[in-house]
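Secondary and tertiary structure notes
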2 protein chains.
Amino acid sequence: MGIIVQKFGGSSVANAEKIFNVAGRIQDAYDAGNSVVVVVSAQGDTTDDLIEKAAEINAKPSKREMDVLLSTGEQITIALLAMALEKNKYPVVSLTGWQTPIKTNMVYGAARIEKVETTRLTNELDKGRIVIVAGFQGVNAVNDITTLGRGGSDTTAVALAAALHADVCEIYTDVDGVYTCDPRIVPDARKLKDISYDEMLELASLGANVLHNRSVEMAKKYHVDLEVKSSFQKIAGTKVKEASSVEKLLIRGVARDNDVARIAVIGVDDTPGKAYRMFALLAKKNINVDVILQSIGRENTKDISFTVSRSQMEEAIKILTENLEMLGATKITHDEKISKVSIVGSGMLSNPGVAAKMFEALYDANINIRMISTSEIKVSVLIDEDMAEKAVQAIHNKFFKD
Amino acid sequence: MGIIVQKFGGSSVANAEKIFNVAGRIQDAYDAGNSVVVVVSAQGDTTDDLIEKAAEINAKPSKREMDVLLSTGEQITIALLAMALEKNKYPVVSLTGWQTPIKTNMVYGAARIEKVETTRLTNELDKGRIVIVAGFQGVNAVNDITTLGRGGSDTTAVALAAALHADVCEIYTDVDGVYTCDPRIVPDARKLKDISYDEMLELASLGANVLHNRSVEMAKKYHVDLEVKSSFQKIAGTKVKEASSVEKLLIRGVARDNDVARIAVIGVDDTPGKAYRMFALLAKKNINVDVILQSIGRENTKDISFTVSRSQMEEAIKILTENLEMLGATKITHDEKISKVSIVGSGMLSNPGVAAKMFEALYDANINIRMISTSEIKVSVLIDEDMAEKAVQAIHNKFFKD
């Protein structure tokens, strides 16, 4: 009836049995009369094994050769999945990134898709074939293999769906959808029927870990309807689509991110340009700064606090310490034992009491807020790490129980 | 100072240590001022592992998808070898079959190279880079991956050498050259300084197992100088070249082939067309017939004997038995316990006594000859399998000891 793009991750194709399970999902869509394009990742630990092989030879190989190496992982999967469909007597053809072709820019290891050419894809679909495309990889202007970086197969799937004007892009994963909260923390977390692109983007960046941000951004830009579904259970998943068409909810979910470290620069000269210089130093080292708070310090100084991921904390402190004098600051403190807890929902745009309701839940649970950050559809608080689970439960109860 | 093509087989690149050994051989050639193009096979057991992975899913996968799968083996090697050269600070770039590109015909699994385009190769060489090319693989007219079948990497190397007008094509293997005889049978076998293409072709088809026939045929056609060398020892190997330029020797080597079974069709009607029909039946089933002998039987009949490889014996007997009546034959006998022992050498063209000398050696050793077959530069005899080693030793002594 239409064109469906399905994407299966590495754990869904980890062995022969799982590959036949995936083949079954594909066949269902094909038997229903759809044109089916499938995107797959490398099997299970294949990518890690290849990285290890490279590390034995060269600790710092060029990204170009790393891409040549890693792209074999998905190439193995497309061939095996095609063989499974052949075994089940379905017409099928596999395509690598360069065969499709998925054209990217020149950045090895983290390439961006520039164009998906659809001539071969539509030719193969017109012949009635299921098309299996290698995720995560493309080809650049000099005919070199490139890879798309983390979450790249999701991006491949959305790019194909956009180029083919597919009716839906189904992302099959270990979980069966997007939840209002991590079910390991809040057992009665609700599965969402749908969610808007912007909400999904906030949740993904907050650690919901279901879809890669770049794929959601691309889906939003090209109006691709996404659906997150389970590879193993045949039940409805969560639809990701335009804000106007999603169910109205005050908030969509509660997320926790433990990969947070707080750095405070104390006693910064209260003269213009100090904050700018400080963050320019960090940006030059590719250190991502998240929540920023500036407070008035003693005697014409100010204190500037901000968060970074824990892996970047040491480097950030080193750079700032080297430039302490230039910044006119007196000392630097840090704290690794904190978490970020956030609520996300476009409903809060028209409901000014949402943040207050969140703070009330934390107050009732006797949890101290260290920093607050808000955007149009998100409120984040920094709290002590050992309070994070309790905080998530309290907030989830406040909004979803009654 | 010229262009050198080097080919390393799977056992020469089986692990990180061996890859660095290979890198050393490449660097020597590069440091001597040569433009170096390297062809590599898949590491160690990689190809077998991939075949097993496929077999778990589909006992009879399409050859197209098998080629997509198997070609990843060489792609992994080119990336790893390039990383080793990067580690040693040499400029290097890897190229897959489709990137080179090596254009083949449409036969998946056993493609023939039609053309090697040299634009990218010469561009990379002009930049001073070592170029590492994946052996065994190419790309066909519809942009699909093809593989070249057994011994394909040798063929890739010769094709690149021909296209680039290379000064020499060096084939690195486990052995350090071509010997007058298998050193496991005759410990004082001599390593040959050189050998002609035709002699090498006869030896390869007789089981010398050093170079694949198709690569030697191609080298002969395009006048590519080959050299068979050791991957591990830095010593001179054996040169394969035009007959006019090789050292004059009465015979070049003694070879033994145990993969031989003899079938005899007894009492065939002595009317025209019977032999033709018989071999047409076998050819239709792709059964390769080697030595053929026809003798006069009793009462207007003839007996036809021939040899096939042992793996094809059962099928050959089955076909002939089904057609016994049509052939007007009375019965079929077979014998698996035989070997073929051959001498090869263009010297015998001008020395009529060579075959007699061979027969004399066998007579002296009390070995009975079952069948004889000759070509311009080869004499083969079929003897009992348990006499084969003794026969090889006796013949080798006769020609090489004095």
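Note that the coordinates shown come from a computational prediction; the quantities given were computed from them, not determined experimentally.

Attention shifts here to the overall build of chain A. Of regular secondary structure, chain A possesses 12 helices and 20 strands. Scaling as 2.2 N^0.38, a compact globule of 402 residues should have a C-alpha radius of gyration of about 21 Å, and chain A matches this with 24 Å. The dimensions of chain A, computed from C-alpha atoms along their principal axes, are 80 × 55 × 35 Å. Sorting the 402 residues of chain A into buried and exposed places 48% on the buried side. Within chain A, contacts between residues separated by at least 24 positions form 74% of all contacts whose residues are at least 6 apart in sequence.

What follows deals with the nonpolar core. Nonpolar side chains in soluble globular proteins tend to end up buried together. Leu81, Ile132 and Leu160 of chain A together with Leu81 and Leu160 of chain B are the most contacted members of the largest nonpolar core, which has 231 residues in total. The residues touching Ile132 of chain A, leaving out its near neighbours within four places in the chain, are Val38, Val40, Ile78, Leu81, Ala82, Val92, Ser94 and Leu95 of chain A.

All right, on to the pairing of strand β2 (residues 35-40) of chain A then. Residues and elements named next belong to chain A. The buried fraction of β2 amounts to 6 of the 6 residues, a majority that puts the element mostly inside the structure. Burial along β2 is two-sided: the face carrying Ser35, Val37 and Val39 and the face carrying Val36, Val38 and Val40 are both buried. Sheet topology places strand β1 (residues 3-8) next to β2; 6 bridges connect them, and they run parallel. Residue Val5 lies in a different strand from β2, and its bridge partner there is Val37. Pairing of β2 with strand β6 (residues 130-134) involves 4 bridges; the strand directions are parallel.

What follows concerns the sheet that holds strand β20 (residues 378-384) of chain B. Residues and elements named next belong to chain B. The 4 strands lie next to each other as β13-β18-β20-β19, forming an open sheet whose pairing is antiparallel. Taken across any chain shown, the strands that pair with only one partner, and hence form the sheet edges, are β13 (253-257) and β19 (371-375). Across this sheet, the average inter-strand angle for adjacent strands is 20°, counted without regard to direction. With 5 bridges joining them, β13 and strand β18 (residues 338-344) adopt antiparallel strand pairing. Paired with Arg256 across the two strands is Val341, which belongs to β18.

With that out of the way, let us pick up the relation of the copies chain A and chain B. For the pair chain A and chain B, the relating rotation is 180°, the translation along its axis is 0.1 Å, and the fit reaches an RMSD of 0.1 Å. Viewed as a symmetry operation, the transformation between the two copies matches a two-fold axis. Rotation axis and chain A: the residue whose C-alpha lies nearest the axis is Thr72 of chain A, separated from it by 2.7 Å. When the interface residues of chain A are mapped onto chain B, 100% of them are again interface residues, pointing to one common binding face.

Residue-level contacts link 27 residues of chain A with 27 residues of chain B. When contributions to the side of chain A that touches chain B are tallied by element, the ones reaching two or more residues are α1 (16-31), α2 (46-57) and α3 (63-87) of chain A. It is α3 of chain A that provides the largest number of residues to the side of chain A that touches chain B, a total of 14 residues. Residues belonging to the side of chain A that touches chain B are distributed by class as follows: 15 nonpolar, 7 polar and 5 charged.

Its domain assignment divides chain A into domain 1 (3-173), domain 2 (261-335) and domain 3 (338-400). Computed over C-alpha atoms, the centres of domain 1 of chain A and domain 3 of chain A are 39 Å apart.

Another aspect to go through is the environment of Leu203 of chain B. With respect to the helices and strands, the residue Leu203 of chain B is situated in helix α6 (residues 197-208). Taking the C-alpha atoms as reference, Leu203 of chain B lies 9.4 Å from Gly345 of chain B; in sequence the two are 142 residues apart.

All names here are of chain B. Running from N to C, helix α11 (residues 354-364) and helix α12 (residues 388-400) point in directions that differ by 130°, and their axes come no closer than 9 Å. When the interaxial angle is binned, α11 and α12 end up oblique. α11 and α12 meet at a crossing whose hand is right-handed. Where α11 abuts α12, its residues Lys357, Met358, Ala361, Leu362 and Asp364 lie against Ala391, Ala394, Ile395 and Lys398. Of the residues belonging to the contact of α11 with α12, the class tally is 6 nonpolar, no polar and 3 charged.

All names here are of chain A. Ordered by their spatial adjacency, 4 strands build an open sheet running β13-β18-β20-β19, and the pairing between neighbours is antiparallel. Of all strands in the sheet, those with a lone pairing partner are β13 (253-257) and β19 (371-375), marking the two edges. On average, each strand axis in the sheet is tilted by 20° relative to the strand beside it, whichever way the strands run. Sheet strands touched by helix α11 (residues 354-364): β18 (338-344), β19 and β20 (378-384). Its angle to β20, the strand with the most contacts, is close to 20°. Running at roughly 15° to β18, helix α12 (residues 388-400) makes contact with β13, β18 and β20 of the sheet.

With that settled, the discussion passes to the environment of Gly345 of chain A. All names here are of chain A. By the element assignment, Gly345 lies in the loop between β18 and α11. Sequence separation between Gly345 and Val240 is 105 residues, and the spatial gap between their C-alpha atoms is 13 Å. Apart from residues lying up to four places away in sequence, Gly345 is in contact with Glu199, Leu249, Leu250, Ile251, Arg252 and Ile377.

Here we take up unusual backbone geometry. That bond from Thr100 of chain A to Pro101 of chain A is cis: its omega, -15°, falls within 30 degrees of zero. You can see Pro101 of chain A is positioned in the loop between β3 (92-95) and β4 (102-104). Phi at Lys89 of chain B is positive, roughly 65°, even though this residue is not glycine. Locating Lys89 of chain B in the fold gives a position in the loop between α3 (63-87) and β3 (92-95). Under the C-beta neighbour-count criterion, Lys89 of chain B is labelled exposed, with 8 such atoms within 10 Å. Although it is not a glycine, Phe136 of chain B sits at a positive phi angle of roughly 75°. Summarising the element assignment, Phe136 of chain B is placed in the loop between β6 (130-134) and β7 (137-139).

The rules behind each value
The residue count restarts for each chain, going from 1 along the sequence in the order it is written. For this description, chains carry letters from A and ligands carry numbers from 1, given in the order in which they are written. Local features in this predicted model are restricted to residues whose pLDDT is 70 or higher, and side-chain atom pairs enter the listing and the counts only when it is 80 or higher, whereas totals over whole chains, interfaces and linings include all residues. A run of H or I in DSSP counts as a helix once it spans at least four residues, and a run of E counts as a strand once it spans at least two, with each numbered from the N terminus. All radius of gyration figures rest on C-alpha atoms, and the globule criterion is 2.2 Å times the number of residues raised to 0.38. Labels follow a simple rule on C-beta atoms placed from the backbone: if 20 or more others lie within 10 Å of a residue's own, it is buried; if 12 or fewer, it is exposed; otherwise it is partly exposed. It is the C-beta atoms, placed from the backbone, that decide contacts: two residues are in contact if theirs lie within 7 Å. Core membership is restricted to buried Ala, Val, Leu, Ile, Met, Phe, Trp, Tyr and Cys residues, and these are joined into a nonpolar core through C-beta atoms within 7 Å. The pairing criterion is simple: DSSP has to find at least two bridges between the two strands. To get an axis, fit a line to the C-alpha atoms, keeping to the stretch in contact for a helix; angles then go from 0 to 180 degrees between the N-to-C directions. Copies are brought into register by a least-squares superposition over C-alpha atoms of residues with pLDDT of at least 70 in both. Residue polarity follows a fixed list, in which Ala, Val, Leu, Ile, Met, Phe, Trp, Tyr, Cys and Pro are nonpolar, Asp, Glu, Lys and Arg are charged, and the others, Gly among them, are polar. Each domain's limits were defined by an automated method or a database of domain assignments. An angle counts as roughly parallel when it lies under 35 degrees, as roughly antiparallel when it exceeds 145, as roughly perpendicular when it falls between 65 and 115, and as oblique in every other case. Crossing handedness is defined as follows: a turn of the near helix away from the far one that is anticlockwise and smaller than a right angle gives a left-handed crossing, while the clockwise case is right-handed.

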